[in-house]
Amino acid sequence: MAKLILSVDGQVLKEHTLSKERTLIGRKPHNDIQIDNLAVSGEHAAIITILNDSFIEDLGSTNGTLVNGKPIKKHFLQNNDVVEIGKHKLKYFNDAPQQASAADFEKTMIIRSPAKVAPPPAAAPGAPAPAAAPTDTVTGMSRTIPPAPEVRPAAPPPPQPTAPQDHAPLRDAAIQVLSGAAAGRTLDLTKNLTTIGKPGLQVAVITKRPNGYFITHVEGGTFPSLNGTSLGATAHPLGDHDMIEIAGVKMEFFYKP
C-alpha cells in the first residue's frame, strides 16, 4: 500500500498510509494529514488513490504545491516523488505495480466537446445479431443447468456451470451523454481508468475493477451526482442505467449486450 513520509528540515515527523480514496492535506484539524503551519492553507491539497495509483491535486492553495521542485495543479504520483507544501515535505512510496499512467488522468473526456467522444457504431439495417444474442444465451444456459430434481431434492447440481460463473469476465460497459453539445454520443469504458468532466471545473474517474465499475470525484469544489444524490468523497459502484450528472451534463452508464 502506498504511503507518505512527512518531514520538515530533514526531520521525519510522521508516516501516513494512503488507505482512503481521498486524503486531505491542510492546516485545519479535520484534514487527514494536518500540517499546522501558516504557510499551509486550511485545505491545501488532496491525494486521490484508486487501486494502486495516486495523484495529488492542489485545492487552490495560497502558496501552491510543488512536486520534485515544480509547481503543480494536478500530478500523477510515482515512487519517490517529493511533495512540498510550505517548508514541509511528503515523500511518496509505492512499490506496487501501477495500473495507469499520467496520460490516463490527463486525457479527460471533455463532455462539452463532441470531438472527444467516439460516436456509436452504425447498426446494419435488418441485422439479426441483437435478437440472436439473447436466444443463444438462453439456449446455452438450458443445456448446462439441469432441471430441479423431483425425487432427490438434496442432490447437488453438476459442477460444470460453477467454474464459468466464478470466473466470469466483467461485462463491457459504456456511458452515453444525454445532454449538452455531445448528446447522443457514447464512450466505451475499455481502460482501467476513464476520466470524465471539465478540467478546472468538475472531474470524476470511472474505474474498471474485477468486481465492477466505480465512480469517484477527483477535481472541483462540488461533487458530481449519481441518480440525483451527491457522490461525496468516496467511490460508488455503478449499476446498469445509473444516471450521472457532472459539470451540468447528464449521462447514463450501461452494460453492453
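Thresholds, definitions, all that
- Residues numbered from 1 in each chain as written.
- Predicted model: local features only at pLDDT ≥ 70, side-chain atom pairs only at ≥ 80, totals over all residues.
- Heavy atoms only, no water.
- Helix = DSSP H or I, 4+ residues; strand = E, 2+ residues; numbered from the N terminus.
- Buried < 20%, exposed > 50% of the residue type's maximum accessible area, 1.4 Å probe, protein only.
- Contact = heavy atoms within 4.5 Å.
- Areas by Shrake-Rupley, 256 points an atom, 1.4 Å probe, with all protein chains shown as cover.
- Pairing = 2+ DSSP bridges.
- Phe/Tyr/Trp six-rings, centres within 6.5 Å; stacked < 30°, edge-to-face > 60°.
- Lys NZ or Arg CZ within 6 Å of the ring centre and 35° of its normal.
- Salt bridge = Lys/Arg side-chain N within 4 Å of Asp/Glu carboxyl O.

## Considering the overall build of the protein chain
Argument step 1. Per the secondary structure count, the protein chain includes 3 helices and 22 strands.
Argument step 2. The proportion of buried residues among the 257 residues of the protein chain is 39%.
Argument step 3. Taking the intrachain contacts of the protein chain between residues at least 6 apart in sequence as the baseline, contacts between residues at least 24 apart amount to 42%.
Argument step 4. Summing over all exposed atoms, the protein chain offers an accessible surface of approximately 14,600 Å²; the carbon and sulfur share of this is 55%.

## Some points on the sheet that holds strand β9 (residues 74–76)
Argument step 1. Across the sheet, which stays open at both edges, the 5 strands sit in the order β4-β3-β5-β6-β9 with mixed pairing between neighbours. Two strands in the sheet have a free side with no partner beyond their single neighbour: β4 (33–34) and β9.
Argument step 2. Pairing analysis gives 4 bridges linking strand β3 (residues 22–26) to strand β5 (residues 45–50), with the strands arranged antiparallel. Paired with Arg-22 across the bridge in β5 is Ile-48.

## Comments concerning the pairing of strand β13 (residues 173–177)
Argument step 1. Counting buried residues along β13, 4 of its 5 residues qualify, which places the element largely inside the surrounding structure.
Argument step 2. Pairing geometry for β13 and strand β22 (residues 249–255), over 5 bridges, is antiparallel. When the bridges of β22 are listed, Val-177 appears paired with Met-251.

## Thoughts on the pairing of strand β10 (residues 82–85)
Argument step 1. Of the two faces of β10, the one holding Val-83 and Ile-85 is buried and the one holding Val-82 and Glu-84 is not buried anywhere.
Argument step 2. When strand β7 (residues 65–67) meets β10, the two strands line up antiparallel, connected through 2 bridges. The partner of Leu-66 across the bridge, within β10, is Glu-84.
Argument step 3. Where β10 folds back on strand β11 (residues 88–93), the antiparallel hairpin that results is connected by 2 residues, among which Gly-86 adopts a positive phi of roughly 65 degrees.

## Quick look at the sheet that holds strand β18 (residues 225–226)
Argument step 1. Taken together, 6 strands build an open sheet; the order of strands is β14-β13-β22-β21-β18-β19 and the sheet is antiparallel. A strand with exactly one partner marks an edge of an open sheet, and here the two such strands are β14 (186–188) and β19 (229–230).
Argument step 2. As judged from the 2 bridges shared by β18 and β19, these two strands associate in the antiparallel manner. Each residue of the ladder has a partner; that of Leu-226, found in β19, is Thr-229.

## Side note on the packing of aromatic side chains
Argument step 1. Applying the stated criterion across every chain yields a total of 3 aromatic pairs.
Argument step 2. Ring geometry for Tyr-213 and Phe-253: centres 5.5 Å apart, planes at 55 degrees, overall tilted. On the criterion of sequence distance, the pair formed by Tyr-213 in strand β17 (residues 212–219) and Phe-253 in strand β22 is long-range, its members being 40 residues apart. Taken individually, Tyr-213 and Phe-253 each receive the classification buried, so the pair is uniform in this respect.
Argument step 3. Aromatic side chains Tyr-213 and Tyr-255 sit 5.9 Å apart centroid to centroid with 65 degrees between the ring planes, which places their arrangement in the edge-to-face category. Of this pair, Tyr-213 sits in strand β17 while Tyr-255 sits in strand β22, and the two are 42 residues apart along the sequence. Tyr-255 matches Tyr-213 in its accessibility class, with the two residues each being buried.
Argument step 4. One aromatic cluster is present, formed by Tyr-213, Phe-253 and Tyr-255 through successive ring pairs.
Argument step 5. When the ring centre of Phe-214 is taken as reference, the NZ or CZ atom of Arg-209 above it lies at 4.4 Å.

## Some words on the pattern of salt bridges
Argument step 1. Within this structure, the stated rule accounts for 4 salt bridges.
Argument step 2. When the shortest N-O distance is used, the salt bridge between Glu-15 and Lys-3 registers 3.8 Å. Residue Glu-15 is found in strand β2 (residues 11–17), and its partner Lys-3 is found in strand β1 (residues 3–8); the two are separated by 12 residues along the sequence.
Argument step 3. Classification of Lys-3 as partly exposed rests on a relative accessible area of 28%.
Argument step 4. Salt-bridge contacts for Lys-256 lead to Asp-188; the nearest nitrogen and oxygen are separated by 3.3 Å. Taken together, the residues span a long stretch of sequence, with Lys-256 in the segment after β22 and Asp-188 in strand β14 at a distance of 68 residues.
Argument step 5. Among the residues examined, Lys-256 registers a relative accessible area of 30% and is labelled partly exposed.

Remember that the coordinates give geometry; whether it matters functionally is a separate question.
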